[in-house]
Amino acid sequence: MIRTMGKVFINNTQFTTDPRIQREWKPRRSRLLGIMGSTTQQDFGRHAKDMRLTLTSGGNYINQAFKSAVEGLMLTRRASYAYRDYTGSEGTVVIVDFDPQPTFIRDGVGVLFDYTLVLDVMTLTKLDFAAYGGA
């Protein structure tokens, strides 16, 4: 039976093991082409709500209890959840997608799962272990 040892939490539920975290955070920017080769750069900065986190197991599995907990969170419409991880990010997130894939590895009554969990950040209180003061 795999013991819970992750340093990532969603809604105070601890991941069984730590996932790989991919942060996608593109700035709000556009480039407008004008006449005679001119261009105008519009830069509206980065905002917390522009960040998307993709968490993947990468061989660090989750157990049946954690899978059930995340699926339970997904049943609540328009809900956001507290989130913190080992990269020093803390804030609130919305679950966009959760794709658990069963393995053949037994864990007590059930099996362990590979997974991909996609989260949209709503607010940030910490980024890289420092207080976040942006929007």
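Everything below is about the structure shown above.
Residues numbered from 1 in each chain as written. Predicted model: local features only at pLDDT ≥ 70, side-chain atom pairs only at ≥ 80, totals over all residues. Heavy atoms only, no water.

(A) A look at the environment of A65. Counting through the fold element by element, A65 comes out in helix α1 (residues 64-74). Residue classification places A65 among the exposed positions, given a relative accessible area of 56%. (Helix = DSSP H or I, 4+ residues; strand = E, 2+ residues; numbered from the N terminus. Buried < 20%, exposed > 50% of the residue type's maximum accessible area, 1.4 Å probe, protein only.)

(B) Structural context of the packing of aromatic side chains. Enumeration according to the criterion identifies 4 aromatic pairs in this entry. Consider the rings of F15 and Y115, whose centres lie 6.2 Å apart with planes at 50°: the pair is tilted. On the criterion of sequence distance, the pair formed by F15 in the loop between β2 (13-14) and β3 (20-24) and Y115 in strand β9 (residues 110-127) is long-range, its members being 100 residues apart. In this pair, the class of F15 matches that of Y115, namely buried. Here F98 and Y115 contribute two aromatic rings whose centre-to-centre distance is 6.5 Å and whose plane-to-plane angle is 45°, an arrangement assigned as tilted. Taken together, the residues span a long stretch of sequence, with F98 in strand β8 (residues 90-107) and Y115 in strand β9 at a distance of 17 residues. Among the aromatic residues, those joined into a ring-pair cluster are F15, F66, F98 and Y115. (Phe/Tyr/Trp six-rings, centres within 6.5 Å; stacked < 30°, edge-to-face > 60°.)

(C) Fine view of the nonpolar core. One finds I10, F15, L55, I95, L117, L119 and L124 to be the most contacted residues of the largest nonpolar core, which totals 27 residues. Broken down by secondary-structure element, the contributors of at least two residues to this core are β6 (52-56), α1, β7 (81-84), β8 and β9. Per element, the largest residue contribution to this core is 8 residues, and it comes from β9. (Core = buried A, V, L, I, M, F, W, Y, C linked by side-chain atoms within 4.5 Å.)

(D) Just α1, in detail. Every buried residue of α1 is listed here: F66, K67, V70 and L73. Along the axis of α1, the buried positions cluster into a sector of 125°, meaning they face one direction only. Taken together, the buried residues of α1 touch β1 (9-10), β2, β7, β8 and β9. (Arc of directions from axis to C-beta. Contact = heavy atoms within 4.5 Å.)

(E) Representation of the pattern of salt bridges. In this structure the tally under the stated criterion is 4 salt bridges. Where K7 meets D18, a salt bridge forms, and the shortest distance between an N and an O atom there is 3.6 Å. Residue K7 is found in the segment before β1, and its partner D18 is found in the loop between β2 and β3; the two are separated by 11 residues along the sequence. With relative accessibility at 54%, the residue K7 sits in the exposed group. Looking at D18, the relative accessible area reads 17%, which means it is buried. Residue E71 pairs with K67 through a salt bridge whose shortest N-O separation is 2.9 Å. Placement of the pair is E71 and K67 together in helix α1, with a separation of 4 residues, close to one helical turn. The partly exposed category is assigned to E71, whose relative accessible area is 32%. Classification of K67 as buried rests on a relative accessible area of 13%. (Salt bridge = Lys/Arg side-chain N within 4 Å of Asp/Glu carboxyl O.)

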